[in-house]
Amino acid sequence: MDKATNNDVLSALDKVLQERKNAAADSSYVASLYEKGLNRILEKVGEEASEVIIAAKDCEGEKGQDALLGEVADLWFHSMVLLAQQGLSSAQVLAILEERFGLSGHIEKAARS
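A quick note: this is a predicted structure, and the numbers were derived from the prediction, not measured.

1. Digging into helix α4 (residues 61-85)
1) Next: Given a rise of 1.5 Å per residue, 25 residues ought to cover 36 Å, and the 36 Å separating the end C-alpha atoms of α4 matches this to within 8%.
2) Next: Three or more residues of α4 are buried, namely G64, E71, L75, H78, M80, V81 and A84.
3) Next: Phi turns positive one or two residues past the end of α4, at G87, with a value near 80°.

Okay, here's the thing in structure tokens:
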């Protein structure tokens, strides 16, 4: 997948996540997360982050890599749910990453202090 296609996927997902905010809780998983509120969404982000850590520690061979990629996808998804719940989007995160691109991590971190 090229950059434009990846951005298209993120934009499409942003749109769906925004639409689910107005959906009945029993109509979709995301709508049910919104219904349960911020704490439940934060719990899911935390659970997925933990699963990424476990998958990374067990990442050996193609099967381990597939498991890690799946867990990272789950983490990204739930992070995007959180962003949408807060009225934010993946485009805003990508803009920040673009600003940081090419900067030394040490310099960028010092600038935030």
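So that's the structure; there's more coming.
2. Looking at the packing of helix α2 (residues 29-36) against helix α3 (residues 38-57)
Each pair of packed helices can be summarised by the angle the axes make with each other and by the distance between the axes.
1) Next: One can describe the packing of α2 onto α3 by two numbers: an axis separation of 5 Å at closest approach and a directional angle of 120°. Judged by the angle between their axes, α2 and α3 are oblique. Contacts between α2 and α3 involve Y29, L33, Y34 and K36 from the former and L38, R40, I41 and K44 from the latter.
2) Next: Here the residues of the contact of α2 with α3 are counted per class, giving five nonpolar, no polar and three charged.

3. A word on the confidence of the model for the chain
1) Next: Per-residue confidence for the chain gives a mean pLDDT of 91, with 93% of residues at or over 70.
2) Next: Mean pLDDT in the chain bottoms out at helix α6 (residues 105-112), which sits at 69, and peaks at α3, which reaches 98.

4. Quick notes on the pattern of salt bridges
1) Next: In total, this model carries four salt bridges according to the counting rule given.
2) Next: Across the pair E43 and R40 runs a salt bridge, and its minimum N-O distance is 3.0 Å. Separated by three residues within a single helix, E43 and R40 lie in helix α3, roughly one turn from each other.
3) Next: Since its relative accessible area comes to 44%, E43 is described here as partly exposed.
4) Next: Owing to a relative accessible area of 26%, R40 belongs among the partly exposed residues under this scheme.
5) Next: A salt bridge links R40 to E47, with the shortest nitrogen-to-oxygen separation between them at 3.3 Å.
6) Next: A relative accessible area of 33% means that E47 is categorised as partly exposed.
7) Next: Several salt bridges share partner residues, and in doing so they unite R40, E43, K44, E47 and E48 into one network.

Rules used in this analysis
- Residues numbered from 1 in each chain as written.
- Predicted model: local features only at pLDDT ≥ 70, side-chain atom pairs only at ≥ 80, totals over all residues.
- Heavy atoms only, no water.
- Helix = DSSP H or I, 4+ residues; strand = E, 2+ residues; numbered from the N terminus.
- Expected span 1.5 Å × (residues − 1).
- Buried < 20%, exposed > 50% of the residue type's maximum accessible area, 1.4 Å probe, protein only.
- Axes fitted to C-alpha atoms, helices over the stretch in contact; angles between N-to-C directions.
- Parallel < 35°, antiparallel > 145°, perpendicular 65-115°, else oblique.
- Contact = heavy atoms within 4.5 Å.
- Nonpolar A, V, L, I, M, F, W, Y, C, P; charged D, E, K, R; others polar.
- pLDDT = per-residue confidence, 0-100.
- Salt bridge = Lys/Arg side-chain N within 4 Å of Asp/Glu carboxyl O.

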